[in-house]
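Structural features, examined
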Amino acid sequence: MKIICIGRNYAKHIEELENEKPKNPVIFLKPDSAILHKNQPFFIPPFSNEIHYEVEVLVKINKVGKFIDEKFAHKYYDEIGLGIDFTARDIQATCKEKGLPWEKAKAFDGSALIGNFFPKETFKDLNNLSFTLLKNGEVVQEGNTNAMLWKIDELISYVSQFFTLKKGDIIFTGTPAGVGKVKEDDILSGAIENTPNFSVKIK
Ligand code: MG
């Protein structure tokens, strides 16, 4: 399986990192070795002094697809989840500055926290899903999929122009504003539509 991540999909997060608003979705990948299963701790890697959390809504692909038309995109997923795209912001800043790829900053071991998935029918409207991230019990990120620049079905259609989607692939749909640094002993907890989804201890 592969993990496909979308960058810069929420205007306020683009502003906080002083990035340019993209004309098309920004895409990058994480390998399966990046997966951090729920209930496992996240270990701060030795190569970074600035690991950021980015809470994101996840979409799990349920069948093979290529060049998927937006109007059929809903047939390619039945489960929605929540996770964290852990990012070595210091490494990413250097990569951006030099125009280099982001993998060292984004795709390292443990960088893709995958929480619980729920059948999409659990939710009334996938384009109006609220989600939050708490750090040590305090809300640090609050998002709603209604603020996405590209909605889930648009993302699936766009991504499938480049990569064949396969059953089990996961799409990280981008993070809202409020990203920040983690430190040892922090506890990060995510919720979607006010339902607790995951909790992770930083080590
Ligand atoms: Mg992200």
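The text that follows walks through the structure, step by step, so that each part is easy to find. (Residues numbered from 1 in each chain as written. Predicted model: local features only at pLDDT ≥ 70, side-chain atom pairs only at ≥ 80, totals over all residues. Heavy atoms only, no water.)

Some remarks on the coordination of the magnesium ion
Put simply, the rule is: The donor definition counts N, O and S atoms within 2.8 Å of each metal and applies 3.2 Å to Na, K and Ca; water is not among these atoms, so some sites may look incomplete. Per the convention used, a helix needs a DSSP run of H or I reaching at least four residues, while a strand needs a run of E reaching at least two, with both numbered from the N terminus. Only protein chains enter the accessibility calculation, which uses a 1.4 Å probe; a residue whose area is less than 20% of its type maximum is buried, one above 50% is exposed, and one in between is partly exposed.
Around the magnesium ion, the protein contributes the donor atoms Glu 54 (OE), Glu 56 (OE) and Asp 85 (OD), which lie 2.0 to 2.1 Å from the metal centre. Taken in chain order, the donor set of the magnesium ion reads E-x1-E-x28-D. Of this pair, Glu 56 sits in strand β5 (residues 55-61) while Asp 85 sits in strand β6 (residues 77-85); the two residues are 29 residues apart in sequence, bridging distant segments of the chain. Neither residue differs from the other here; Glu 56 and Asp 85 are each classed as buried.

Thoughts on unusual backbone geometry
With a phi close to 80°, Asp 185 is a non-glycine residue in the positive phi region. Mapped onto the fold, Asp 185 is located in the loop between β12 (180-181) and β13 (187-192). Positive phi, normally seen in glycine, also occurs at Asn 194, with a value near 65°. Here Asn 194 is to be found in the loop between β13 and β14 (195-201).

A look at the sheet that holds β5
For clarity, the threshold we go by: A pair of strands is labelled paired if DSSP reports no fewer than 2 bridges between them. Helix axes are fitted only over the stretch in contact, all axes being lines through C-alpha atoms; the angle between N-to-C directions runs from 0 to 180 degrees. The contact definition used throughout considers only heavy atoms, calling two residues in contact when any of these lie within 4.5 Å.
With respect to topology, 7 strands assemble into an open sheet ordered β2-β1-β11-β5-β6-β8-β3, the strand pairing being mixed. Looking at strand neighbours, the two that pair on one side only are β2 (26-30) and β3 (35-37), the edges of this open sheet. Here the strands of the sheet are splayed against their neighbours by 35° on average, with no regard to which way each runs. Inspection of the sheet shows β5 paired to strand β11 (residues 170-172) by 3 bridges, in the antiparallel sense. For Lys 60, the partnering residue across the bridge sits in β11 and is Ile 170. Each of β1 (3-7), β2, β5, β6 and β11 touches helix α4 (residues 152-162); the most contacted strand, β6, lies at about 85° to it.

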